[in-house]
Protein chains: 2
Amino acid sequence: MGTTQLESVQEPKYWHLKTVLSEALDSDFAVGEILPNERDLAARFGVARATLRQALEQLELEGRLQRRRGVGTTVAPPRVGVAVSTGRREWTGGVGGEAWQPVDCTMDRAPAAVAAMLGTDSTEPVHVVRRIRATHGQAVAAELLYIPASSVPELSAIDAPAGAVRARSVLRELHRLGLEGQDRSVELGSARADDAKELDRLPGAPVLVVTTRYFTADGTAAVSVATYRADTCRLTFGDSGALEISEEEQDRQAS
Amino acid sequence: MGTTQLESVQEPKYWHLKTVLSEALDSDFAVGEILPNERDLAARFGVARATLRQALEQLELEGRLQRRRGVGTTVAPPRVGVAVSTGRREWTGGVGGEAWQPVDCTMDRAPAAVAAMLGTDSTEPVHVVRRIRATHGQAVAAELLYIPASSVPELSAIDAPAGAVRARSVLRELHRLGLEGQDRSVELGSARADDAKELDRLPGAPVLVVTTRYFTADGTAAVSVATYRADTCRLTFGDSGALEISEEEQDRQAS
DNA sequence: AAGTGGTCTAGACCACCGT
DNA sequence: CGGTGGTCTAGACCACTTC
């Protein structure tokens, strides 16, 4: 051998640990089952707790585990597919478990990045609608919708009472515009404190940030920034007439 | 000693640290600039290196920083938008920086999850085409394309030499089928060792996993599993005639 | 060889949940 | 209250890159 490297490259302990645990999850555990606590697990594998935690963090990132402070670590169900399709009826939203639920509506300055997309002055206040999306009774996404007052001129005179009621009227106005198209992007982020609270996660939890621009003939009418729980969600996109899997079908497959 | 009276707020140190660093990145650093090393930074902020690292990890996750072992920590450029659109000409791919580059083609068993989507027996070997996608000279994604032999019957007799040449001929056959649609999903994952190597990252690095099913009239013709670097990529989807931003435009905006 | 980030340890205390 | 995961420390050594 001499100068050549050892054939078995040294694999980090936490990586090997992750593999072992992953296989154990497949064979020895059922969804929802509680794992031994971190101190016991670390002792069983003969590693420090920090090392064990590094493996658990990876598995949680991959949606295999769910950890809750004060409770324990459980085996997570498969990720739920969430449709982020070219939704024609996006604003209204069905009454089923799929719906966006308006929570609040305020008037505020848009963040610089959003103002740039809207093509407005960043000091000009815009309508900010907060919506929550739930599936199977679980909150999966929190959204902030930014709508320049100029996009919904009818509303400026109304000045409805704040809260969900006003949110709905803004959405109604927006729906009335007749949107011509949209433009989406997805990237990884970490949950802000307010979003984390809505999603029942700790601040900094990994999220998929979906940014959508809504167009009318006049230009960008609104911008949405939606943060989806990365641990529990798989975003699905319906392309070119492909069959979009329905919620009911998913439930059947799961059972 | 333990905790000093760090304000009355119970904000974790690493979280506060992340905020401070993030603001410093905005004001005091240019893209590409090298930060002080972790030991110095930790000392400067009066925290343990592990705590400082927790903050850096978050910032790297958000695409603000780039860390390389043996080199240092640098300020990352804004994430590059990568089109994952309803690509009609997906198989061929232009010659520009946007292209998928075929690397290899083997015959192997598909993973169980892929076999399920293909609707084939998981023991039946399929063509496995490996492709790399690069933008601006940077590898951004690694893909495995699974194609049942039954989808490309013309090819079974040919048995071209392995490698990129065979990969290209398989893609050509697939292109000839006339695909009717596709079905995409995006989720968070961690890079396998082989993908990590292609993407110049460490194993376990966060990636966006884009799974695509390609349909013909007969059913699913192929399944692609592409892993994009989550730190450097923002996936963009062209919906319903929306303007897809071109690479050239992005470059102009960046400057 | 020197310097960087990556891994690992063995503790400690804190915040939160259930009982 | 006891038990859980979350944060934090002050070290140590390793793998890698660069000079």
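See the structure above.
Residues numbered from 1 in each chain as written. Chains lettered and ligands numbered in written order. Predicted model: local features only at pLDDT ≥ 70, side-chain atom pairs only at ≥ 80, totals over all residues. Heavy atoms only, no water.

S.K.: Summarise the packing of helix 1 (residues 13-28) of chain A against helix 3 (residues 49-61) of chain A; cite the residues concerned and give the values.
M.R.: Residues and elements named next belong to chain A. One can describe the packing of helix 1 onto helix 3 by two numbers: an axis separation of 8 Å at closest approach and a directional angle of 55 degrees. Considering their axes alone, helix 1 and helix 3 lie oblique with respect to each other. Once helix 1 is placed against helix 3, the crossing between them reads as right-handed. Across from Lys13, Tyr14, Trp15, Leu17, Lys18, Leu21 and Ser22 in helix 1, the residues of helix 3 making contact are Thr51, Leu52, Gln54, Ala55, Leu56, Gln58 and Leu59. When the residues that make up the contact of helix 1 with helix 3 are grouped by side-chain class, the tally is eight nonpolar, four polar and two charged. (Axes fitted to C-alpha atoms, helices over the stretch in contact; angles between N-to-C directions. Helix = DSSP H or I, 4+ residues; strand = E, 2+ residues; numbered from the N terminus. Parallel < 35°, antiparallel > 145°, perpendicular 65-115°, else oblique. Left-handed = near helix turned anticlockwise from the far one by under 90°. Contact = heavy atoms within 4.5 Å. Nonpolar A, V, L, I, M, F, W, Y, C, P; charged D, E, K, R; others polar.)

S.K.: Pulling in residues and values, what's your account of the relation of the copies chain B and chain A?
M.R.: Relative to chain A, chain B is turned by 180 degrees and slid 0.0 Å along the rotation axis, the superposed coordinates differing by an RMSD of 0.0 Å. Here the two chains are linked by the operation of a two-fold rotation axis. In this assembly, 100% of the residues forming the interface of chain B have copies in chain A that are likewise at the interface, indicating an isologous arrangement. (Least-squares fit on C-alpha atoms with pLDDT ≥ 70 in both.)

S.K.: Now, about the protein's contact with DNA strand D: what can you tell me, with residues and values included?
M.R.: Taken together, 27 residues lie around DNA strand D, and Asn37, Arg49 and Arg53 of chain A together with Lys13 and Thr51 of chain B are the ones closest in. Thr73 of chain A places a polar side-chain atom, nitrogen or oxygen, 3.1 Å from a phosphate oxygen of DNA strand D. Put simply, the parts of the chain that give the surface near DNA strand D at least two residues each are helix 2 (38-45), helix 3, strand 1 (65-68) and strand 2 (72-75) of chain A together with helix 1 (13-28) and helix 3 (49-61) of chain B. Looking at the surface near DNA strand D element by element, the count peaks at four residues for helix 3 of chain B. Of the residues that constitute the surface near DNA strand D, the class distribution is eight nonpolar, eight polar and eleven charged. (Near = heavy atom within 4 Å. Polar contact = N/O pair within 3.5 Å; in protein donor to acceptor, adjacent residues only side chain to side chain.)

S.K.: So, the side chain of Glu60 of chain B: which residues are in play, and what are the values?
M.R.: Along the polypeptide, Glu60 of chain B turns up in helix 3. Residue contacts for Glu60 of chain B: discarding those within four places in its chain leaves Leu65, Gln66, Arg67, Arg201 and Asp231 of chain B.

S.K.: Talk me through the packing of aromatic side chains; I want residue IDs and the actual numbers.
M.R.: Summed over the entire model, instances satisfying the criterion amount to three aromatic pairs over all chains. It is Lys18 of chain A that lies over the ring of Trp15 of chain A; its NZ or CZ is 4.3 Å from the centre. (Phe/Tyr/Trp six-rings, centres within 6.5 Å; stacked < 30°, edge-to-face > 60°. Lys NZ or Arg CZ within 6 Å of the ring centre and 35° of its normal.)

S.K.: Which residues make up the interface of chain B and chain A, and what values go with them?
M.R.: Contacts between chain B and chain A engage 36 residues on the former and 36 residues on the latter. Taken together, the two surfaces of chain B and chain A that pack against each other cover about 3000 Å², and 55% of this comes from carbon and sulfur. In this assembly, chain B and chain A are joined by two salt bridges. Elements represented by at least two residues in the side of chain B that touches chain A include exactly helix 1, helix 3, strand 7 (181-190), strand 8 (206-216) and strand 10 (233-238) of chain B. In terms of residue count, strand 7 of chain B provides more of the side of chain B that touches chain A than any other element does, ten residues in total. Residue composition of the side of chain B that touches chain A, grouped by class: 16 nonpolar, ten polar and ten charged. (Buried area = accessible area lost by both parts, 1.4 Å probe. Salt bridge = Lys/Arg side-chain N within 4 Å of Asp/Glu carboxyl O.)

S.K.: An account of the sheet that holds strand 9 (residues 219-229) of chain A is requested, with residue identities and associated values reported.
M.R.: The eight strands are arranged 4(A)-5(A)-6(A)-9(A)-8(A)-7(A)-10(B)-3(B) in an open sheet whose pairing can be described as mixed. With partners counted over all chains shown, the strands left at the sheet margins are strand 4 (100-109) of chain A together with strand 3 (80-83) of chain B, one partner each. Along the sheet, successive strands turn relative to each other by an average axial angle of 20 degrees, direction set aside. (Pairing = 2+ DSSP bridges.)

Bear in mind that shape data such as this cannot, by itself, settle questions of function.
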